[in-house]
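Structural features, examined
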Amino acid sequence: MLNWQKLECSYVKETIRGKGRSAIYLPELYQSEDYLSVQSEYVNYENVRITITDEQGFIVKNDVIQVVAGGENLYYIGDLEDGSYEITVDFKDFILSANLDVFN
């Protein structure tokens, strides 16, 4: 059974790309030993870019996923070396970022 931990995220609104919506329901990020889960309660998102950088600022993972409302939307991180990383999840109108600690 997976042990999930919610990641504390910072939120950046992309004002250049924004459409001026009055309310945005932000997805939440969760981490288990081998997976990152991007959970969106109400909205599907296409072409969401996940970028993970190491402590030296090098990109170690860079992929595009689809986020389905109500789904776990798993992204594999079990191949990362032990250490601290920064993750950014770039949606169309906003970016979520969080610190990610990996200890295998």
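Before reading further, recall that the structure is shown in the block above.
Residues numbered from 1 in each chain as written. Predicted model: local features only at pLDDT ≥ 70, side-chain atom pairs only at ≥ 80, totals over all residues. Heavy atoms only, no water.

Taken as a whole, this structure holds two salt bridges when the rule is applied. We note a salt bridge from Glu28 to Lys6, for which the minimum N-O separation is 3.0 Å. Residue Glu28 is located in strand β3 (residues 28-31), and its partner Lys6 is located in strand β1 (residues 5-6); the two are separated by 22 residues in the primary sequence. The class for Glu28 is partly exposed, based on a relative accessible area of 31%. Lys6 sits in the partly exposed class, given a relative accessible area of 43%. (Salt bridge = Lys/Arg side-chain N within 4 Å of Asp/Glu carboxyl O. Helix = DSSP H or I, 4+ residues; strand = E, 2+ residues; numbered from the N terminus. Buried < 20%, exposed > 50% of the residue type's maximum accessible area, 1.4 Å probe, protein only.)

To continue, consider the environment of Val60. Mapped onto the secondary structure, Val60 falls in strand β6 (residues 59-67). A relative accessible area of 38% places Val60 in the partly exposed class. C-alpha of Val60 to C-alpha of Glu81: the two residues are 21 residues apart in sequence and 10.0 Å apart in space. Residues in contact with Val60, not counting those within four places in the same chain, are Ile52, Thr53, Asp54, Leu80 and Tyr85. (Contact = heavy atoms within 4.5 Å.)

Of the pairings in the sheet, the one linking β3 to strand β4 (residues 35-39) comprises four bridges and is antiparallel in character. Its bridge partner being in β4, Gln31 is matched across the sheet by Leu36. Where β3 folds back onto β4 in an antiparallel hairpin, the turn is made up of three residues. By the bridge criterion, three bridges tie β4 to strand β7 (residues 74-76) in an arrangement that is antiparallel. (Pairing = 2+ DSSP bridges.)

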